[in-house]
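# Inside the fold
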Amino acid sequence: MQESDLALLVRTARTAGEVALRFHGPTAKRWDKPENAGPVTEADIAVNAALAEILRPARPDYGWLSEEDEDAPERLAAERCFVLDPIDGTTGFIEGSSSWSLSLAVAAGGAISAAVVYLPAHDLLYSAEAGGGAWLNGARLSASARQEIDGANVLATRYALDDRNWPGGRPDFERHHRPSLAYRLALVAEGRFDAMLTLRESWDWDIAAGLLLCVEAGAVVTDRHGGTPRFNTDPPRTAGVVAAPPQLHAPLIEALRGGGG
């Protein structure tokens, strides 16, 4: 019997994580991608190769969308597509942070059906399957039960605090940050933080796995306008991300739309 997509992602993440740990961020060879697309290191490339070695033969009919590979248009015709970020939080990795992650997901019909966010340096493996809940190392996850957005602990970039993003006035939340966007979403699913938002356009590979974790933990995840993200599209981007339990998500979106602080 063929292993499930989730089991395949878990097995692949652990193997690729071992590859990642062979490199030390501050000493890994690095260079900048064309068109100011950000830094990349030899670790990103090695992990991407490890992912391909396992996943492509296991699911040859699946599309392929990885941050470290040239986009292939044939993925758009595939019923299912891998959506992968070999190392999410590369800048933090380069600086010596240990909270970078591997983000692995399967998209089906525009939605995410299976997902893993793995932090090899801490052996934290977050996983989710559509309809099956979200889990961290075998323990089920649940999003925050906080009722008030004022005073909430929110993972956000400094850009997200700009008053121009909040025509209705920014809610009085406490800002926190982690270098990996996938990990930020996982922390919301875990309930360690109340919400997460990024207001710049986000690539599929950064948010796909974390989105399913949040949804399966009871959170709502939309773009910055309140729309539902769709995956394996052209281009593979979403207009920002807002992730929070329903009682906090609504006031965040309202404030972003100009409806109040």
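First things first, this report covers the structure right here in the doc.

Basis of the calculations
Residues numbered from 1 in each chain as written. Predicted model: local features only at pLDDT ≥ 70, side-chain atom pairs only at ≥ 80, totals over all residues. Heavy atoms only, no water. Helix = DSSP H or I, 4+ residues; strand = E, 2+ residues; numbered from the N terminus. Buried < 20%, exposed > 50% of the residue type's maximum accessible area, 1.4 Å probe, protein only. Contact = heavy atoms within 4.5 Å. Axes fitted to C-alpha atoms, helices over the stretch in contact; angles between N-to-C directions. Parallel < 35°, antiparallel > 145°, perpendicular 65-115°, else oblique. Left-handed = near helix turned anticlockwise from the far one by under 90°. Nonpolar A, V, L, I, M, F, W, Y, C, P; charged D, E, K, R; others polar. Pairing = 2+ DSSP bridges. Phe/Tyr/Trp six-rings, centres within 6.5 Å; stacked < 30°, edge-to-face > 60°. Lys NZ or Arg CZ within 6 Å of the ring centre and 35° of its normal.

## Quick notes on the environment of Met-196
Of note, Met-196 is situated in strand β12 (residues 195-198). Classification of Met-196 as buried rests on a relative accessible area of 0%. Linking Met-196 and Leu-155, residues 41 residues apart in sequence, is a C-alpha distance of 4.5 Å. Once you skip the residues sitting within four places of it in the chain, Met-196 turns out to touch Val-154, Leu-155, Leu-181, Arg-184, Leu-185, Val-188, Val-241, Val-242 and Ala-243.

## What about the packing of helix α1 (residues 5-20) against helix α2 (residues 42-58)?
Contact pair α1 / α2: the axes reach a minimum separation of 8 Å and the direction vectors enclose 155°. Overall, the two elements α1 and α2 adopt an arrangement that is roughly antiparallel. Along this stretch, α1 crosses α2, giving a crossing that reads as right-handed. Only Ala-46, Val-47, Ala-50, Leu-51, Ile-54, Leu-55 and Ala-58 of α2 make contact with α1, whose side of the interface consists of Leu-8, Leu-9, Arg-11, Thr-12, Thr-15, Ala-16, Val-19 and Ala-20. The residue makeup of the contact of α1 with α2, split by class, is twelve nonpolar, two polar and one charged.

## What to know about the pairing of strand β4 (residues 80-88)
Counting buried positions over the nine residues of β4 gives eight, a clear majority of the element. In terms of strand pairing, strand β3 (residues 63-66) meets β4 through four bridges, oriented parallel. Looking across to β4, one finds that Ser-66 is bridged to Leu-84.

## A few points about the packing of aromatic side chains
Across all of its chains, the model carries six aromatic pairs by this definition. Between Tyr-62 and Phe-82, the ring centres sit 5.1 Å apart and the planes meet at 45°, which makes this aromatic pair tilted. Within this pair, whereas Tyr-62 is found in the loop between α2 and β3, its partner Phe-82 is found in strand β4, the two being separated by 20 residues in sequence. One aromatic cluster is present, built from ring pairs that chain together Tyr-62, Trp-64 and Phe-82. Sitting above the plane of the Tyr-159 ring, Arg-200 keeps its charged end 3.7 Å from the centroid.

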